[in-house]
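Chain by chain, the residues run as shown.
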Amino acid sequence: MTTALIIIFVVLAMLSPLTWLRPSKRETRTSLVRKAVIADGMRVDLKAPALSDAPKGIVGYRRPWPTERDVTPFILVQDEWASDALREAVPGYRWREESRLADDPDVAAALLRFTRTLPEDALMLESSLSGLTLWWGESLDVESCHDWRREFEALHAMLIDKAPISHKRRPLVGTEPKMPDA
């Protein structure tokens, strides 16, 4: 009897590390969301956002711009992470870098619709050369992301329509040719 208990204990001790390898519920949920947005043509940025004091675990979901458009850059930050000295863009968000389209009523309405659909952990919206990026903590599952993703795509399309056509094609950020080693 004692030998059987020792063998069972040893087997359980050997198998216990395997349970650590199994992904948690949060990891499973975020991987499903990431797979869904990647399948729709978005990119997931795991680098740190452009805020020095941003919380850990913030991830960027980016939709690239067409290379023939010069879309205006801007950064919109949630009030909690923005200085009171910054101008309010829409309720709950302030311009960290203001867009040249900041006073356009169509853009303001699209931003308002978009920010109303965002989860509480949405930190900032960034428009840069590489695309339109939402930085957030991935608190939602795939089904719950539907509303903000629909408004994100509408805002992305509107910003493209309002952008002038560039006379010079620029490469996508990160696709520039590398110089050979000397």
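Our subject is the structure that appears above.
This one's a predicted model, so the numbers in the text were calculated from it and none came from an experiment.

Cut-offs used in this document
Residues numbered from 1 in each chain as written. Predicted model: local features only at pLDDT ≥ 70, side-chain atom pairs only at ≥ 80, totals over all residues. Heavy atoms only, no water. Helix = DSSP H or I, 4+ residues; strand = E, 2+ residues; numbered from the N terminus. Rg over C-alpha atoms; globule rule 2.2 N^0.38 Å. Core = buried A, V, L, I, M, F, W, Y, C linked by side-chain atoms within 4.5 Å. Buried < 20%, exposed > 50% of the residue type's maximum accessible area, 1.4 Å probe, protein only. Contact = heavy atoms within 4.5 Å. Phe/Tyr/Trp six-rings, centres within 6.5 Å; stacked < 30°, edge-to-face > 60°. Axes fitted to C-alpha atoms, helices over the stretch in contact; angles between N-to-C directions. Parallel < 35°, antiparallel > 145°, perpendicular 65-115°, else oblique. Left-handed = near helix turned anticlockwise from the far one by under 90°. Nonpolar A, V, L, I, M, F, W, Y, C, P; charged D, E, K, R; others polar. Pairing = 2+ DSSP bridges. Patch = residues over 30% accessible without salt bridge, like charges linked within 9 Å, V, L, I, M, F, W, Y side chains within 5 Å. Areas by Shrake-Rupley, 256 points an atom, 1.4 Å probe, with all protein chains shown as cover. Salt bridge = Lys/Arg side-chain N within 4 Å of Asp/Glu carboxyl O.

As a further point, take the overall build of the protein chain. Along its length, the protein chain carries 4 helices and 7 strands. Counting from the amino terminus, the protein chain carries its helices and strands in the arrangement α-α-β-β-β-β-β-α-β-β-α. For the protein chain, the C-alpha radius of gyration of 22 Å lies well beyond 16 Å, the compact-globule estimate for 182 residues. For the protein chain, the spread of C-alpha atoms along the three principal axes comes to 80 × 50 × 30 Å.

Another point: the nonpolar core. Counting residues in hydrophobic clusters, the biggest one holds 32 residues, and the most contacted among them are Leu125, Leu134, Trp148 and Leu159. Elements represented by at least two residues in this core include exactly α2 (25–39), β2 (59–63), β3 (74–78), β5 (93–97), α3 (105–116), β6 (122–128), β7 (131–136) and α4 (146–162). Examining the composition of this core, we find that 6 residues originate from one element, α4, more than from any other. In this structure Leu125 touches Phe74, Ile75, Leu76, Leu111, Phe114, Leu132, Thr133, Leu134, Phe152 and Leu155, once residues within four positions along its chain are discounted.

The final tally for this structure, using the stated rule, is 6 aromatic pairs. Here the aromatic rings of Tyr61 and Trp136 are separated by 5.5 Å at their centres, their planes lie at 70 degrees, and the arrangement is edge-to-face. With Tyr61 in strand β2 and Trp136 in strand β7, the pair connects residues that are 75 residues apart, well separated along the chain. We note that Tyr61, like Trp136, is buried. Both rings, one in Phe74 and one in Trp95, keep their centres 5.6 Å apart while their planes meet at 90 degrees; by these two values the pair is edge-to-face. Placement of the pair is Phe74 in strand β3 and Trp95 in strand β5, with a sequence separation of 21 residues. Neither residue differs from the other here; Phe74 and Trp95 are each classed as buried.

Bringing the packing of α3 against α4 into the picture now. Running from N to C, α3 and α4 point in directions that differ by 165 degrees, and their axes come no closer than 9 Å. Classified by the angle between their axes, α3 and α4 sit roughly antiparallel to one another. Considering the relative orientation of α3 and α4, their crossing is left-handed. Residues Asp106, Val107, Ala110, Leu111, Arg113 and Phe114 of α3 form the contact with α4, whose own contacting residues are Trp148, Glu151, Phe152, Leu155, Met158, Leu159 and Lys162. A breakdown of the residues in the contact of α3 with α4 according to their chemical character gives 9 nonpolar, no polar and 4 charged.

On the secondary structure map, Glu151 appears in helix α4. On the basis of relative accessible area, Glu151 is assigned to the buried category, the value being 14%.

A word on the sheet that holds strand β4 (residues 88–90). Taking strand neighbours across the sheet as the criterion, the 7 strands line up as β1-β2-β7-β6-β3-β5-β4 in an open arrangement whose pairing is antiparallel. Both edges of this open sheet fall to β1 (43–45) and β4, since each of them pairs with a single strand only. Neighbour to neighbour, the strand axes of the sheet diverge by 30 degrees on average, direction disregarded. Taken together, the 3 bridges between β1 and β2 define a ladder with antiparallel strand orientation. Considered in β2, the bridge of Asp45 is made with Gly60.

Among the secondary structure elements, Pro164 is positioned in the segment after α4. Between the C-alpha atoms of Pro164 and Arg69, which are 95 residues apart in sequence, the distance is 5.9 Å. In this structure, Pro164 is in contact with Glu68, Arg69, Asp70 and Arg100, ignoring residues within four places of it in sequence.

In this section: a nonpolar patch on the surface. On the surface, a nonpolar cluster with roughly 440 Å² of combined accessible area is contributed by Ile6, Phe9, Val10 and Met14. For Met14, the position within the fold is in helix α1 (residues 2–21).

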